[in-house]
Amino acid sequence: MAETHEEFERRTGGYEWIPYWAAARQRELRFQRCTDCGQWRFPPGPMCPSCLSLASEWAPASGKAHLVSWVVVHPPVLPAWKERVPFVVVLVECEEGVRTMGNVLDATADDLRMDMPMQVDFAPSIDGDLVPQWRVAAG
Amino acid sequence: MSLKDQAAIVGYGQLPFSKDIGKPEHVTALEAAKIALDDAGLVPADIDGMVKWSIQVTSENVIARNLGVPNLRFFGEVGYGGGGGCGTVAHAAAAIASGLARCVLIYRSRNRGSGGRPWAGTSRERDQSQAEGNETSFFAPYGFVRPVDQVAMFTRRFLHERGYTTTHLGWIAVACRTHAMNNPMAMMRKPMTLADHAASRLISDPLRLFDNCLETDGASAVIVCRADMAKDLKQKPAYVIGASQGMGPRNFTMNNFFKEPLLESPGAYAARDVWQMADVRPQDVDVAQLYDAFTPLVLASLEEYGFCAPGEAGAFVENGGLELGGRLPCNTSGGSLSEGYVHGINLIIEATRQIRGVSCNQVPNAKLSLCTSGNMVPTGALLLRGD
């Protein structure tokens, strides 16, 4: 049965997150940015904590980041993930100064080093949606 | 006006911890409340206020009408699961200091051993922090949903920047287990060594099974009343000389990775305020219950509450530093890691036992007792003193 809009919102962060996932389906990494003071804001929210503006845009990000931390997930996990354990989740800090997460592509935990450069890519999440993922930057 | 010395913990009640308590949460909450009233030498008509965790399913009127409490003049709740514990006492003390209530019942009953897991969507529990944005699961498309993953993400960076190792985490698990071995109420009483910790299976690398608290069914209650009434009751009062809450900037529940400094927790803010209110220093503390849903939270608290400088918490916990007779006896009932995990209400009770002098691992002549709440979420702290 197809997922309802409400179910999608609930498992992916809610109303403010919809543009993040929508951009990723177009293979774009975008973050929320205040259109009044220009401050990047992520995770997204309705108000700019710097200038209290309610106006924002979803601006394209460079996709360049560095690795802040990572975990390797082992059981117990949700049923959908049982075949994939162990798997890696990374926390990255993007050039824009905001942090986000993803899985890693074409690498294992053994390949990861603190603060190494990372590059965004896009690959399906477990439910088939194209989502931002991260790979070790070349060179 | 300050909360200092306005209120005291005068009673507590606790059912045995188990994997399956065999009764619904509203029944066990009532049983714990009855034990707490008997402990204090109070009757239900003495209760005129209640504070609960917002994640607690059983509401105050269920407790009040079944206990036969004629009227509640004050009732409120504190959010953020394990971050809420000390906040419930802070709210009770604030209500008492301001005259909103004279005698406040705090309760937490939770069937987390036999019931569902919130991260798997199989629990009835729902915190108000999940109402907008569901921030505890916004990285669900990456399989990142469990509290242990969220803490592990913090932990890897924390160990890296401070120079700590997973052996330091092991020392914390071992200290809790060593204390639990003397506590007949504790769920885990088999001896644990550093090697046992290191050999336990990975759950979210760098965290292992023995870095995690216990999935527990439990029910506990605490009674806070006016300081001037406390001295005439059955038990030696544990006076609230400091109580605080703290959130810090740009907080996200469990996923608190989006502020600066990255590694600073809400505990830093609760710490500052609790020391200031109580007008005491970390070195004055005789015994501490540092919130331990996961071992690394204790390392962070040792720094943030000022027991050691950043980078020194590893040496602090080594060689039994947290055990009875060590640098700072911590989690003397076995804590969330080895006694039971009920969002920290058992830590509040153990902090009170130490003041009464009745702990299974009693610190001789303990006069000042610290308790902290979960520091990966908005948190709180509590300082109790004898007389």
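See the structure shown above.
Here's what I pulled together on the structure shown here. (Residues numbered from 1 in each chain as written. Chains lettered and ligands numbered in written order. Predicted model: local features only at pLDDT ≥ 70, side-chain atom pairs only at ≥ 80, totals over all residues.)

Topic: the overall build of chain A
Argument step 1. Looking only at helices and strands, chain A has two helices and eight strands in total.
Argument step 2. Listing each helix as α and each strand as β along chain A from the N terminus yields α-α-β-β-β-β-β-β-β-β.
Argument step 3. Taking 139 residues into account, the globule formula puts the C-alpha radius of gyration at 14 Å, and chain A, at 16 Å, falls close to it.
Argument step 4. Considering only intrachain contacts with a sequence separation of at least 6, the fraction spanning at least 24 residues in chain A is 49%. (Helix = DSSP H or I, 4+ residues; strand = E, 2+ residues; numbered from the N terminus. Rg over C-alpha atoms; globule rule 2.2 N^0.38 Å. Contact = placed C-beta atoms within 7 Å.)

Brief notes about the sheet that holds strand 11 (residues 379-385) of chain B
All names here are of chain B.
Argument step 1. Taken in spatial order, the nine strands of this open sheet run 3-2-4-7-1-8-11-10-9, and their pairing is mixed. The strands lining the two open edges of the sheet, one partner per strand, are strand 3 (74-78) and strand 9 (287-289). Put simply, the sheet's adjacent strands are angled 25° from each other on average, direction ignored.
Argument step 2. Of the strand pairs in this sheet, strand 1 (residues 7-14) and strand 7 (residues 217-226) are connected by seven bridges, and their pairing is antiparallel. When the sheet's bridge partners are listed, Ala8 is paired in strand 7 with Cys225. (Pairing = 2+ DSSP bridges. Axes fitted to C-alpha atoms, helices over the stretch in contact; angles between N-to-C directions.)

A short note on the interface of chain B and chain A
Argument step 1. Between chain B and chain A, the residue contacts involve 29 residues of the former and 33 residues of the latter.
Argument step 2. Among the elements of the structure, helix 4 (147-162) and strand 5 (202-205) of chain B are those that each provide at least two residues to the side of chain B that touches chain A.
Argument step 3. Sorting elements by how many residues they give to the side of chain B that touches chain A places helix 4 of chain B first, with six residues.
Argument step 4. When the residues that make up the side of chain B that touches chain A are grouped by side-chain class, the tally is 15 nonpolar, six polar and eight charged.
Argument step 5. Inspection of the sheet shows strand 4 (residues 64-73) of chain A paired to strand 5 of chain B by two bridges, in the antiparallel sense. (Nonpolar A, V, L, I, M, F, W, Y, C, P; charged D, E, K, R; others polar.)

Observations regarding the sheet that holds strand 2 (residues 40-41) of chain A
All names here are of chain A.
Argument step 1. Ordered in space as 2-1-3, the three strands form an open sheet in which the pairing is antiparallel. Every other strand in the sheet has two partners, leaving strand 2 and strand 3 (56-60) as the edge strands with one partner each.
Argument step 2. Where strand 1 (residues 30-34) meets strand 3, five bridges bridge the pair, whose relative direction is antiparallel. Paired with Arg30 across the two strands is Pro60, which belongs to strand 3.

Describing the nonpolar core
All names here are of chain B.
Argument step 1. One finds Ala93, Val104 and Val224 to be the most contacted residues of the largest nonpolar core, which totals 162 residues.
Argument step 2. The element that contributes the greatest number of residues to this core is helix 3 (residues 85-97), accounting for nine residues.
Argument step 3. Dropping the residues within four chain positions of it, Val104 is found in contact with Gly49, Met50, Val51, Phe74, Ala92, Ala95, Ile96 and Val224. (Core = buried A, V, L, I, M, F, W, Y, C linked by C-beta atoms within 7 Å. Buried ≥ 20, exposed ≤ 12 C-beta atoms within 10 Å, placed from the backbone.)

Comments concerning the pairing of strand 8 (residues 130-136) of chain A
Residue and element names in this part refer to chain A.
Argument step 1. In the sheet, strand 7 (residues 117-124) pairs with strand 8 via seven bridges, with the strands oriented antiparallel. The partner of Met118 across the bridge, within strand 8, is Val136.
Argument step 2. Taking the residues between adjacent antiparallel strands as the criterion, strand 7 and strand 8 are bridged by five residues, where Gly128 takes a positive phi near 95°.

So, the packing of helix 1 (residues 25-40) of chain B against helix 2 (residues 60-67) of chain B
What describes two packed helices is the angle between their axes and the distance between those same axes.
Residues and elements named next belong to chain B.
Argument step 1. Their axes nearest at 10 Å, the elements helix 1 and helix 2 cross at an angle of 55°. Put simply, helix 1 runs oblique to helix 2. Relative to helix 2, the crossing made by helix 1 is right-handed. Together, His26, Ala29, Leu30 and Ala33 of helix 1 and Val62, Ile63, Asn66 and Leu67 of helix 2 make up the contact between the two elements.
Argument step 2. Here the contact of helix 1 with helix 2 is built from residues that sort into six nonpolar, two polar and no charged. (Parallel < 35°, antiparallel > 145°, perpendicular 65-115°, else oblique. Left-handed = near helix turned anticlockwise from the far one by under 90°.)

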